[in-house]
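Single-letter residue listing:
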Amino acid sequence: MVDDGRVTEISDVPEVDGSAAAPAPDWSFMGDGRFGAYDWNDPWPVYDRMRAEAPYWQNPEGITVLTRFADCEAVLRDPRFSASNDHDDPPRVLQPDDPRLLMDTGAQPLIFLDPPDHTRLRKLVSKAFTPRSIERLRPRVQVLVDDILDRAADEGGLDVVADLGFELPVIVICELLGVPLDDRPQFAGWSSAASRLLDDELTPDVLNEGVVAAINFASYFEDLFAERRRSPRDDLVSGLLAAEEEGDRLSADELGSIVVLLFIAGHETTMNLIGNGTYALLRERDQLVRWRDDPTLDALAVEELLRFDGPVHLTGRTPIEDIELHGHHFPRGRRVMTLVSAGNRDPERFRDPSHVDVSRADNHQLTFSQGIHYCLGAALARLEGQVAIGSLVRRFPDLELAEQPRYRDHFVLRGLQSLQVTV
Ligand code: HEM
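Considering the overall build of the protein
Alright, step 1. Regarding its fold elements, the protein presents 15 helices and twelve strands.
Alright, step 2. Computed over its C-alpha atoms, the radius of gyration of the protein comes to 21 Å, within 12% of the 22 Å expected for a compact globule of 423 residues.
Alright, step 3. Partitioning the intrachain contacts of the protein with sequence separation of at least 6 by distance along the chain shows that 72% fall at a separation of at least 24.
Alright, step 4. Accessible surface for the protein amounts to roughly 18,500 Å². Of this, 51% is attributable to carbon and sulfur atoms.
Alright, step 5. Between the centroid of the 44 positive side chains of the protein and the centroid of its 74 negative side chains there is a distance of 6 Å.

With respect to the pattern of salt bridges
Alright, step 1. Enumeration according to the criterion identifies 21 salt bridges in this entry.
Alright, step 2. Across the pair Asp117 and Arg120 runs a salt bridge whose closest N-O atoms are separated by 3.1 Å. Taken as a pair, Asp117 and Arg120 lie in helix H3 (residues 117-126) at a separation of three residues, close to a single helical turn.
Alright, step 3. Through salt bridges with shared partners, a single network forms among Asp117, Arg120 and Glu254.

What about helix H5 (residues 138-155)?
Alright, step 1. Over its 18 residues, H5 runs 26 Å from end to end, which matches the ideal 26 Å to within 8%, given 1.5 Å per residue.
Alright, step 2. Those residues of H5 that fall on the buried side of the exposure criterion are Val141, Leu144, Val145, Ile148, Leu149 and Ala152. All buried residues of H5 fall inside an arc of 130° around its axis, so they share one side. Across H5 from its buried face, at more than 90 degrees, point the exposed residues Pro139 and Asp154.
Alright, step 3. Tucked inside the fold, the buried residues of H5 contact strand E6 (157-159), helix H6 (160-177) and helix H15 (378-395).
Alright, step 4. Two residues or fewer after H5 comes Gly156, characterised by a positive phi angle close to 80°.

Re the site of the ligand
Alright, step 1. Taken together, the neighbourhood of the ligand is formed by 28 residues, with His118, Thr315, Ser369, His373 and Cys375 sitting nearest.
Alright, step 2. Between the ligand and the protein, one listed contact pairs an oxygen atom with a side-chain N or O atom of Thr315 at 2.6 Å.
Alright, step 3. In this structure, Ser369 approaches the ligand through a side-chain N or O atom, which is 2.6 Å from an oxygen atom.
Alright, step 4. Every element with two or more residues in the shell around the ligand is listed here: H3, helix H11 (252-283), strand E7 (315-319) and H15.
Alright, step 5. Partitioning the shell around the ligand into residue classes produces 17 nonpolar, nine polar and two charged.

Remarks on the packing of helix H13 (residues 298-308) against H15
Alright, step 1. Between H13 and H15, the shortest axis-to-axis distance is 9 Å and the interhelical angle comes to 105°. In terms of orientation, H13 lies roughly perpendicular with respect to H15. Here Asp298, Ala299, Val302, Glu303 and Leu305 of H13 come into contact with H15, specifically with Arg382, Gly385, Gln386, Ile389 and Arg394.
Alright, step 2. Residues of the contact of H13 with H15, tallied by class, amount to four nonpolar, two polar and four charged.

Some details on the coordination of the iron atom of the ligand
Perfect tetrahedral coordination of a metal by four donors corresponds to 109.5 degrees between them, and perfect octahedral coordination by six donors corresponds to 90 or 180 degrees.
Alright, step 1. Counting protein donors to the iron atom of the ligand gives just one, Cys375 (SG), placed at 2.3 Å.
Alright, step 2. Within the fold, Cys375 resides in the loop between helix H14 (340-343) and H15.

Topic: the side chain of Ser391
Alright, step 1. Inspection of the secondary structure puts Ser391 in helix H15.
Alright, step 2. For Ser391, a relative accessible area of 11% translates into the label buried.
Alright, step 3. Setting aside anything within four residues of it in sequence, one finds Ser391 in contact with Gln142, Val145, Leu149 and Gln386.

Structural notes on the sheet that holds strand E3 (residues 56-58)
Alright, step 1. The strand order across the open sheet formed by five strands is E3-E4-E10-E7-E5, and the pairing between neighbours is mixed. Each having just a single partner strand, E3 and strand E5 (81-82) make up the two edges of the open sheet.
Alright, step 2. Of the strand pairs in this sheet, E3 and strand E4 (residues 64-66) are connected by three bridges, and their pairing is antiparallel. The residue of E4 that forms the bridge with Gln58 is Thr64.

Digging into the packing of aromatic side chains
Alright, step 1. Evaluation of the coordinates by the stated rule reveals 18 aromatic pairs.
Alright, step 2. With a centroid separation of 5.0 Å and 90° between ring planes, the pair formed by Phe35 and Trp57 is classed as edge-to-face. With Phe35 in the loop between strand E2 (6-7) and helix H1 (44-53) and Trp57 in strand E3, this pair connects stretches of sequence that are 22 residues apart.
Alright, step 3. Residue classification places Trp57 among the buried residues on the basis of a relative accessible area of 6%.

Some details on the side chain of Arg51
Alright, step 1. As for its placement among the helices and strands, Arg51 is situated in helix H1.
Alright, step 2. Excluding residues that lie within four positions of it along the chain, Arg51 makes contacts with Thr67, Arg68, Ala342, Arg345, Asp346 and Pro347.

Some remarks on the nonpolar core
Alright, step 1. In this structure, Phe221 and Phe263 are the most contacted members of the largest nonpolar core, which totals 102 residues.
Alright, step 2. Examining the composition of this core, we find that 14 residues originate from one element, H11, more than from any other.
Alright, step 3. Contacts of Phe263, omitting those with residues within four sequence positions, involve Val170, Ile173, Cys174, Leu177, Val179, Phe187, Ser191, Phe217 and Phe221.
Alright, step 4. One finds Leu66, Phe69, Val75 and Phe330 within the second-largest nonpolar core, a separate group that totals 14 residues.

About the cut-offs
- Residues numbered from 1 in each chain as written.
- Predicted model: local features only at pLDDT ≥ 70, side-chain atom pairs only at ≥ 80, totals over all residues.
- Heavy atoms only, no water.
- Helix = DSSP H or I, 4+ residues; strand = E, 2+ residues; numbered from the N terminus.
- Rg over C-alpha atoms; globule rule 2.2 N^0.38 Å.
- Contact = heavy atoms within 4.5 Å.
- Areas by Shrake-Rupley, 256 points an atom, 1.4 Å probe, with all protein chains shown as cover.
- Lys, Arg positive; Asp, Glu negative; His and termini not counted.
- Charge placed at Lys NZ, Arg CZ, Asp CG, Glu CD.
- Salt bridge = Lys/Arg side-chain N within 4 Å of Asp/Glu carboxyl O.
- Expected span 1.5 Å × (residues − 1).
- Buried < 20%, exposed > 50% of the residue type's maximum accessible area, 1.4 Å probe, protein only.
- Arc of directions from axis to C-beta.
- Near = heavy atom within 4 Å.
- Polar contact = N/O pair within 3.5 Å; in protein donor to acceptor, adjacent residues only side chain to side chain.
- Nonpolar A, V, L, I, M, F, W, Y, C, P; charged D, E, K, R; others polar.
- Axes fitted to C-alpha atoms, helices over the stretch in contact; angles between N-to-C directions.
- Parallel < 35°, antiparallel > 145°, perpendicular 65-115°, else oblique.
- Donors = N, O, S within 2.8 Å, 3.2 Å for Na, K, Ca; no water.
- Pairing = 2+ DSSP bridges.
- Phe/Tyr/Trp six-rings, centres within 6.5 Å; stacked < 30°, edge-to-face > 60°.
- Core = buried A, V, L, I, M, F, W, Y, C linked by side-chain atoms within 4.5 Å.

Below is the structure:
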């Protein structure tokens, strides 16, 4: 089905029946209950048991799962571990009816690339995301947050996830890239659906929705690139198009893939930082009050919320050779899952890790990863988190939960379905 030029169902793409492509998730890769039942709303007891009982664990899918801070950090920093699935042994092969085969994978996203392609592409966009370039956005971010909080004051409450967590980062990344804000209704929902493709175990419906969203994103940005080629502006998309036209630095496929990644990464994760972070403070009210009464804590408090309940739970790598590290053997080709959220609560690394301490100073957490793939948008996410959550708690001293929130059943990107509060 096609609506307004966009795909709305997978049946638009003939000859593929995606419905049989993926098994229903069974979570066996998290231990089939051997570390306790996995609960989206409280995964921490399972992570604690894994870290204590089997910190280097071969799961039933043949993946090595790491839960200690030091092990996760060492793997992420080691260039002998590739971010790409191309080194997996046995190689990953999609079934012929898997809808992911419909996606145009002419260029892998930056996040899955190894040097030298990774180095070349990252350099093209990194200037726009340095802490200094990002700091210039602070006044604009504050204006956007104040507008949202004014509306909340009029209405007596807000959904922190939808009204602040989604709204703020999506406007900021649209303005940075040069995506027209009026197009927002078109891509509402696509980011969330497409980012599910990071998860391994998906129901057929979720998989189909993800693929449809990814195809739509690609076609939306093709149209935008054509428009900006005709009339360039002072925005990141126009800057990248200029690099593409020079020919040797950026191919057309790479351009599409990097812009879609920036767009999705630019808000899907930050939305969850704002949602998870506010929820953590509402549960540890003494910490909310400490931060509210001391604005010099802005930076430390956000770092702590990133550690305590980060929006990204894991990432993965594949050893390109047989590796001995920290007394563990990592065979070439066997995928490694670094559960960074478990590492962030490792008592060997953090004192009293299951509590929020908004003044925690020694807080080198893993939520933005480590090594060459360290999050390119970290400075932007930190800025948005500081302004959004800091302003929310200072403006509304009586901030209260309006209803008990639930986490979404996403594994890689962790966030709440909604967070209704009264002000
Ligand atoms: C709290 C919010 C965010 C979190 C927790 C987060 C987390 C991460 C993580 C864990 C990685 C690396 C994954 C790996 O090592 O395999 C990453 C990479 C990346 N992030 Fe973020 N991110 C956030 C916000 C952002 C924002 C706002 C942007 C952009 C505007 C962004 C853009 C990127 C890009 C482009 C990469 C790929 C970097 C590379 O491969 O060199 N992220 N992010």
